[in-house]
Structures are given as C-alpha cells and as structure tokens.
Amino acid sequence: MSTGHTHASVTAGRKYIGRLWVTFGLVVVFMIVEAITAVVSGSLALLSDAGHMATDAVGLGMSLAAIIAATRVESSGNLTYGVYRLEILAALANSVLLLGVGAYVLVEAAKRLEDPTKVMSGPMLIVAILGLIVNIVSWLLLRKGAKESLNLEGAFLEVMADAIGSVGVIAAALILRYTGWLYADPLFGAAIGLFIIPRAWRLGRKAIRVLIEAAPTEISVNEMRERLRILPGVIDVHDLHVWTLTSDMNVASAHLMIDQKLDSHPVLDQARDLLKEEYGITHATLQVEPDTHEGCEDAPC
C-alpha cells in the first residue's frame, strides 16, 4: 500500500487571505452606504445592488472563516482530512444566498412595474459610481485567486456581478435624471437579478459536484484507468476512484494487480508519478495486489 500525497497546496485560498480581508472591509463599508442611500432615494436598483453587496459581505466572511479554519485545524481523530471541505460549503452557501437575492429582486421589480415609485436620481448616481469603483478594486484583488480556489471564485463572481449591477444602476440613474422615466429603476433592478441567478446556479453546481465526490470534469476516469493499466508490470486496475477534496486538491485511490513475481515498489513509483505529472494528483492511495490474490474485484479490501 502506498500513499503519495502532500497538503502543501490543499487550501489555495489561504495564499490570498490578505486580499480577501481588504475586499471584505471595502464591501462591508460600502454596503452600509449603499443601503442607506437606497432607502433615502427610493431606488430598487440601488437596493438590489445593496442586497447583493450584503450577500457579498456574508459570503466573503464565510470564505475567510473557511480558509482560517482549514489553515488552523489539522487532520486528527475523526477529521482525517481536517476541515478542508468548509471551503466548498462556503461556496455552496454563497450560491444559495445569491439565488435568494436574485429571486427577491425579481419579485419586487414586478410589483414596481405595476406601480412605479418616484426615485431621487442624484444620490443614486453618485453612490452607484462609487460602488463601481469599489467593485473594480475588489475584482482586481480577487482575480488571480479565483483561478485557484472555488471558494475565492464564489467571492470573485459576486464582486463581478456587483460591478455589472453598479453599471446598471448608473444607467438607470442617468435615464431617470434626464428623461424622468420611472420604469428604468425596476427594469434595471430586474436585469441585475437575472444576471445574478445563472452565475449563482453555476457556482452551486460546481460545489455540489465536489460534495458528492464526482470525478473532476477535466479528468477522464476511463483514460486514467487505461494509462495505469499499461504501466510495466500492471495486469489490471480496479476500484479506481477520483474525486475533489477541496480547491486545488484532486485525490485518487486504486487497486493495481501485478505479477506475483514482480517487486511492487517500481510499479508504485511509476503509478504515483503518472498521476502527479499527467493529472496533477499528488494525493493518491494505491494498493498493489499479486495476480494470485482473489476477492478484491468483488468487495473492498
């Protein structure tokens, strides 16, 4: 039995925790400013953006908590993998929050289209422009980390959606200011909601795939099985499982059947190198069995 593994890169988000803290601070402060202005001005578009920013604050807070917990809590006792999955749970929670905000905005927009509300376009425009600046700064801070961590990808998507939302609020404020068309505010509010929902759904699906331990979409399990099977000395491969533990950490386990006369060590080394170099899997549990051994094909062993 061999386990080739390392936890050095298991929580990709920890590398960007400083940037995440800065983004969290910016979002919380401006969320308060935007919510107050939305109430004063009567703008649904601005209120929807403030609501989205509130979920950003909650989501970013959960992301920070997940990264801190995964960094500090080591695997021990019953937590054999530590709490690395908290990062994925945070991403799923972000998705649920975003879906809730999107649904609320759409319902409220439908009500206002039936009975338009007068809106103060001046404060709405100023705050929307400042919000866009905050979103751009946050987007730049999280862009690199989003490529490595599903948790940070959730925060990045929220910030990106907020930036688009701020542009929508600016457009609505300009239309209101220069044409007086009251439907601009609920229409742009609904547009923000429609923008949020599909992105939240995509993030949720990715998180669920990790939680149900589906094979990563970029890895062909059948191809991996064949690549292992043709290694020198390997007769058969069975009980092959591949799944994602957390961002930047795919893991695998397999049984390799070899000729009983062969030394298992070279086979283990080759299999471990194959998984690392071709599939990026550095945590693999491989069991080698002589071809005279029976029973492992039918039951776990």
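Data block above holds the structure.
The following refers to the structure shown. (Residues numbered from 1 in each chain as written. Predicted model: local features only at pLDDT ≥ 70, side-chain atom pairs only at ≥ 80, totals over all residues. Heavy atoms only, no water.)

Turning our eyes to something else, we now look at the side chain of Ser95. For Ser95, the position within the fold is in helix α3 (residues 86-114). From its side chain, Ser95 meets the backbone nitrogen of Gly204 in a polar contact 3.3 Å long. Those residues in contact with Ser95 that lie beyond four places of it in its chain are Ala200, Trp201, Leu203 and Gly204. (Helix = DSSP H or I, 4+ residues; strand = E, 2+ residues; numbered from the N terminus. Polar contact = N/O pair within 3.5 Å; in protein donor to acceptor, adjacent residues only side chain to side chain. Contact = heavy atoms within 4.5 Å.)

With six of eight residues buried, strand β4 (residues 283-290) is to be regarded as a mostly interior element. Where strand β3 (residues 249-258) lies against β4, eight bridges are found, and the strand directions are parallel. Following the sheet pairing, His255 is matched in β4 by Gln287. As for the winding sense of the linkage, the β-α-β connection from β3 through helix α8 (residues 264-279) to β4 is right-handed. (Buried < 20%, exposed > 50% of the residue type's maximum accessible area, 1.4 Å probe, protein only. Pairing = 2+ DSSP bridges. Right-handed = clockwise from strand over helix to strand, strands pointing away.)

The terminal C-alpha atoms of α8 lie 22 Å apart, and with 16 residues this matches the ideal 22 Å at 1.5 Å per residue to within 8%. Residues of α8 that are buried include every one of Val267, Leu268, Ala271, Leu274, Leu275 and Tyr279, and no others. Buried residues of α8, viewed axially, fall in a sector of 130°; they line one side. Those residues of α8 that are exposed and angled more than 90 degrees off the buried face are His265, Lys276 and Glu277. Just past α8, the residue Gly280 takes up positive phi, approximately 70°. (Expected span 1.5 Å × (residues − 1). Arc of directions from axis to C-beta.)

A few words now on unusual backbone geometry. Phi is positive for Glu213, which is not a glycine, with a value near 60°. Turning to its location among the elements, Glu213 is positioned in the loop between α6 (184-211) and α7 (221-229). Look at Glu213 and you get partly exposed, because its relative accessible area is 44%. The residue Asp239 is not glycine, and still its phi comes out positive at about 50°. You can see Asp239 is positioned in strand β2 (residues 234-246).

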